[in-house]
Amino acid sequence: MPKSVFEWPTLILVIVCYGVWAIATTALAAFWLPLGVVVVAVSVALHASLQHEVIHGHPFQTQWLNEALVFPALNLAIPYERFRDTHLAHHRDADLTDPYDDPESNYLARADFLAMPGWVQTVLRFNNTLLGRLVVGPVLAQIAFTRADLRLGRRALRGWVMHAGGVVVVMVWLIGVGAMPIWAYLMAAYLSLSIIKIRTFLEHQAHQNARGRTVIVEDRGILAFLFLNNNFHAVHHMHPRVAWYKLPALYARGRERFLRCNDGYVYGSYREIFRSYFLQAKDEVAHPLWHRD
């Protein structure tokens, strides 16, 4: 069945997201700055999820129009174009979790990990707990992302130039209209990246078969909404063009099939994940199945 001209739920959510962000950076920040910071962080996390929807062709059939919707760089950190390119590469399921070929892998090759100074290994082990992922995860991910793009050189430059324009849009708003100091906005942006790290913490695991590497979290709470149902991650990888608001029903119709397909890599809720892994690492830093020299 052909896709409609545009998807109302996604377009409305984009408008609501910017509206909440605007209110948080002005009225809420003036009323009580900590409240403004928290609401900005939530709205920026939602904006990141909307960027993910745009990457997969929503809400319009015209992709440049989709990308125009998410042009302002609300999180200040990751250029949309570079996120788009690396994320699409990540969707090559045969490469999932590969320390070199999956741009979103949280694993390192064992030889690379053992060659690092002891204090770096300690930080990376801490980062493999959920608490660590919230506290140091955003900065470690930013360092890795930026280093990878520096190696690409001119091939990554356009994405960063466009990103700078998006950052300027945000700064002009904050300085000219907003009531939130820049330092407070930086805190909110970091917090938003920490929220996203909850989703990505165990999205993929080392598994001999590619089909068993992608998780399903059967959560329908506030985090599932902020992640736009990307907690049904195995469903998303199998059906990447399906819009966020259709994923729960798609999963419900084929639950047993999806769980067979991903070898039962499933959690009941994010509460369960916090309880199990807040202070305990789920995985090793070094990929346990990756042995290429």
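Our subject is the structure that appears above.
Every value quoted in this text rests on a predicted model; they were computed, and no experiment measured them.

**Student:** Tell me what's going on with the packing of helix 2 (residues 33–55) against helix 4 (residues 80–90), and back it up with residues and numbers.
**Tutor:** Where helix 2 contacts helix 4, the two axes come as close as 10 Å, and the packing angle between them is 60°. With respect to their mutual orientation, helix 2 and helix 4 come out oblique. In this structure, helix 2 meets helix 4 at a crossing whose hand is right-handed. On helix 4, the residues that touch Ala48, Gln51, His52, Val54 and Ile55 of helix 2 are Tyr80, Phe83, Arg84, His87 and Leu88.

**Student:** Requested: an account of the environment of Trp8, with residues and values cited.
**Tutor:** Take Trp8: it is sitting in helix 1 (residues 8–31). Overall, Trp8 belongs to the exposed group, its relative accessible area being 55%.

**Student:** A description of unusual backbone geometry should follow, citing residues and the corresponding values.
**Tutor:** Put simply, His58 and Pro59 share a cis peptide bond, and its omega is 0°. Although it is not a glycine, Asn229 adopts a positive phi angle of roughly 60°.

**Student:** Explain the pattern of salt bridges residue by residue, including any values.
**Tutor:** The tally for this structure, following the rule as stated, stands at 13 salt bridges. The residue Glu81 makes a salt bridge to Arg158 at a minimum N-O spacing of 2.1 Å. Of this pair, Glu81 sits in helix 4 while Arg158 sits in helix 9 (residues 154–176), and the two are 77 residues apart along the sequence. Taken together, the shared-partner salt bridges connect Glu67, Glu81, Arg82, Arg84, Asp85, Asp149 and Arg158 into one network.

**Student:** Explain the packing of aromatic side chains to me, using residue names and the numbers behind them.
**Tutor:** Per the counting criterion, the structure on display carries 14 aromatic pairs. Ring geometry for Phe232 and Tyr251: centres 5.1 Å apart, planes at 40°, overall tilted. Residue Phe232 is found in the loop between helix 11 (222–226) and helix 12 (233–238), and its partner Tyr251 is found in helix 13 (residues 247–253); the two are separated by 19 residues along the sequence. Each of the two residues, Phe232 as well as Tyr251, counts as buried. Chaining the aromatic ring pairs together yields one cluster made of Phe201, Tyr265, Tyr267 and Tyr277. Sitting over the face of the ring of Phe258, Arg257 holds its NZ or CZ atom 4.5 Å from the ring centroid.

**Student:** Residue-level account of the packing of helix 2 against helix 10 (residues 182–200), with values.
**Tutor:** Two elements in contact, helix 2 and helix 10, have axes separated by 8 Å at closest approach and are oriented at 45°. With respect to each other, helix 2 and helix 10 are oriented oblique. Considering only the axes of helix 2 and helix 10, their crossing is right-handed. Judged by residue contacts, Leu33, Val37, Val40, Ala41, Val42, Val44, Ala45, Ala48 and Ser49 of helix 2 engage Trp183, Ala184, Tyr185, Ala188, Leu191, Ser192, Ile195 and Ile196 from helix 10. Residues belonging to the contact of helix 2 with helix 10 are distributed by class as follows: 15 nonpolar, two polar and no charged.

**Student:** Please provide a residue-by-residue account of the side chain of Asp219, values included.
**Tutor:** Secondary-structure assignment places Asp219 in the loop between strand 1 (216–217) and helix 11. Buried within the structure, Asp219 lacks any salt-bridge partner; Arg271 is the closest side chain of opposite charge, at an N-O distance of 6.4 Å. There is a polar contact of 2.6 Å between the side chain of Asp219 and the backbone nitrogen of Gly221. Within the structure, Asp219 has its side chain in polar contact with the backbone nitrogen of Tyr270 (distance 2.9 Å). Not counting residues up to four positions away in its chain, the partners in contact with Asp219 are Ala224, Asn231, Phe232, Gly268, Ser269 and Tyr270.

**Student:** Go over helix 9 with me, naming the residues and quoting the values.
**Tutor:** Spanning 23 residues, helix 9 covers 33 Å between terminal C-alpha atoms, matching the ideal 33 Å at 1.5 Å per step. Of all the positions in helix 9, only Ala156, Gly159, His163, Gly166, Val170 and Leu174 are classed as buried. Residues of helix 9 that are buried sit in contact with helix 1, helix 4, helix 8 (137–152) and helix 10.

Calculation rules
- Residues numbered from 1 in each chain as written.
- Predicted model: local features only at pLDDT ≥ 70, side-chain atom pairs only at ≥ 80, totals over all residues.
- Heavy atoms only, no water.
- Axes fitted to C-alpha atoms, helices over the stretch in contact; angles between N-to-C directions.
- Helix = DSSP H or I, 4+ residues; strand = E, 2+ residues; numbered from the N terminus.
- Parallel < 35°, antiparallel > 145°, perpendicular 65-115°, else oblique.
- Left-handed = near helix turned anticlockwise from the far one by under 90°.
- Contact = heavy atoms within 4.5 Å.
- Buried < 20%, exposed > 50% of the residue type's maximum accessible area, 1.4 Å probe, protein only.
- Salt bridge = Lys/Arg side-chain N within 4 Å of Asp/Glu carboxyl O.
- Phe/Tyr/Trp six-rings, centres within 6.5 Å; stacked < 30°, edge-to-face > 60°.
- Lys NZ or Arg CZ within 6 Å of the ring centre and 35° of its normal.
- Nonpolar A, V, L, I, M, F, W, Y, C, P; charged D, E, K, R; others polar.
- Lys, Arg positive; Asp, Glu negative; His and termini not counted.
- Polar contact = N/O pair within 3.5 Å; in protein donor to acceptor, adjacent residues only side chain to side chain.
- Expected span 1.5 Å × (residues − 1).

Read these as layout, nothing more, since geometry by itself doesn't imply function.
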